[in-house]
Amino acid sequence: MDQGMDEIPYQWHKQIINLLAERIVVVNRDGIILHINEAYCEFLGTTIEKALQRPVQEVIENTRMHIVVKTGQKELAAIHPINGSEMIANRYPLVVEGEIVGALGTVMFRSPEEWRMYKSKIQHLVEELKYYKTKVEKDLKGKYHFNHLIGKSSTFLATKKLAERISGNNSSVLLIGESGTGKELFAHAIHNHSMRASLPFVAINCASIPEHLLESELFGYEDGAFTGAKKGGKKGQFEIANNGSLFLDEIGDMPLTMQSKLLRVLQEKEVQRVGGQKSIAVDVRIIAATHRDLEKLVEDGKFRQDLYYRLNVIKIEIPPLRKRTDDIPLISISLLKKIEKKFFRKGIGLSAEVKERLMQHSWPGNIRELENVLERAINVLDGKTIEPAHLPLYLRDQETKSNYVSETIAINNNPTTLTSHRIQPLKETLAQVEKQSLLNALGVTNGNKQEAAKLLEIGKTSFYEKCKLYDIK
Ligand SMILES: Nc1ncnc2c1ncn2[C@@H]1O[C@H](COP(=O)(O)OP(=O)(O)OP(=O)(O)O)[C@@H](O)[C@H]1O
Ligand SMILES: [Mg+2]
């Protein structure tokens, strides 16, 4: 190694050292700074001139460099708070001929801003990866038919009947329903019940595709359309779905620019690949779905009205679970059968009390939430019957609800109690409600914060901040 260093001209050493670690400091055995680089100084809010030859403790807050030169023990990946940022510090004693002569310190994972910058760089890649992952998962999913759509309530049967009836024609379908109501299942069933059943069913999630990929994903691209484009070009989903159905999931999340392009394709029934000249004729039946209020989006200028009209030829509104509570036991049984298979279990049922609780709950996450609750219950269950104790807390705590009701009655009957208890600062009540909503949403999504934020229709960052505020792990 020595030999290698010798070959590098001496004047280069400093630069190389600086390039190897972003923030670096070298102290002598008395803890006096012999070398510190500009990046570190900048971060500390000082300059090299001011820092050099000073005791390290006076320059770097919370440092342990002066201790490392005494103990001779290296300290790796130590958390080092500087300037309100949690940094990761590595500290190495420098040993020459068996003697400690000083120490070298580096600081990694710098300020949150820099971390964010890094993150935004890899964000693109992460998004792409996530998109392809869900795509593969989707492709592996089974085919659904109308008989997989469980429910006997009149609202649900009417919806199902309408969907069955319109399966055969070629008009665009718009599926509207809250999250987890079964929009995707309906889309599959409609396709599988149509003349196009043996032809491709292609699903595309407009919300999860990174915007910069959406166009080439839908319409394909020609050879050399952009750097990294596959040789020979690539078919878009419209071409792949030709003669079959294209399921545009979460259509309400499609960016406006893409909406215009989609509208053109729907009107002209032909696509142009990105970077391509010729038009390719496509015959595709569109099934679109969203949990958003498209009319409101149109009003707010976030969704093109002309596209809305074009998609809204047949509108199917899938009722939320709370509007068909009678179906809950039936759906639970069918879900239990499905989950049992996954866990190699058999004959699991619900106690009467659980059944009642499930029917009382409002199910903001609908069937998906119910599925998560049951899967969780099976996980914590030894026997065959699911009891209230196997339910997540937010479903178990029915007592709070009844307490609240009885107390409200008490308040109404006796105005003097109004001031004595239950009344607390509005801020506190709101905070409690907010915390409970976060917990409920997390319950629905099995602890998945990103999904929970989506359910609550708030940003991811704001969700994380609130979790921190209420100490929700
Ligand atoms: N009628 C039904 N009977 C039985 N299971 C159902 C029914 N509807 C939906 N499910 C199940 O509920 C889960 C959610 O359904 P699906 O993915 O179709 O909902 P979604 O409306 O597309 O939700 P999101 O808006 O969140 O994408 C799936 O696991 C599905 O198998
Ligand atoms: Mg869906």
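Rules used throughout
Residues numbered from 1 in each chain as written. Chains lettered and ligands numbered in written order. Predicted model: local features only at pLDDT ≥ 70, side-chain atom pairs only at ≥ 80, totals over all residues. Heavy atoms only, no water. Helix = DSSP H or I, 4+ residues; strand = E, 2+ residues; numbered from the N terminus. Buried < 20%, exposed > 50% of the residue type's maximum accessible area, 1.4 Å probe, protein only. Pairing = 2+ DSSP bridges.

(A) Main features of unusual backbone geometry. One non-glycine residue, W363, lies in positive phi territory at about 50°. Residue position: W363 is located in the loop between helix 16 (352–360) and helix 17 (366–380). By relative accessible area, W363 is classed as buried at 0%. The phi angle at N446 is positive, at roughly 60°, despite the residue not being glycine. Inspection of the secondary structure assignment puts N446 in the loop between helix 21 (426–444) and helix 22 (449–455). Residue class for N446 comes out partly exposed when judged on its relative accessible area of 49%.

(B) Here's a closer look at the pairing of strand 10 (residues 245–249). Counting buried positions along strand 10 gives five out of five residues, so the element sits mostly inside the fold. Of the two faces of strand 10, the one lined by S245, F247 and D249 and the one lined by L246 and L248 are each fully buried. Here five bridges tie strand 7 (residues 201–205) to strand 10, and the two strands are oriented parallel to one another. If you follow N205 over to strand 10, its bridge partner there is D249. As paired elements, strand 10 and strand 13 (residues 285–290) share four bridges and run parallel to each other. If you follow S245 over to strand 13, its bridge partner there is R285.

(C) Geometry of the pairing of strand 1 (residues 24–28). With respect to burial, strand 1 is a largely interior element, five of its five residues being buried. The alternating pattern of strand 1 places I24, V26 and N28 and V25 and V27 on opposite faces, both of which are buried. As paired elements, strand 1 and strand 5 (residues 99–108) share five bridges and run antiparallel to each other. From the neighbouring strand, I24 faces strand 5, where its bridge partner is T106. Turn length for the strand 1-strand 2 (residues 33–36) hairpin, with the two strands adjacent in sequence and antiparallel, is four residues, and the turn residue G31 shows positive phi of about 80°.

On their own, these measurements won't tell you what the molecule is for.
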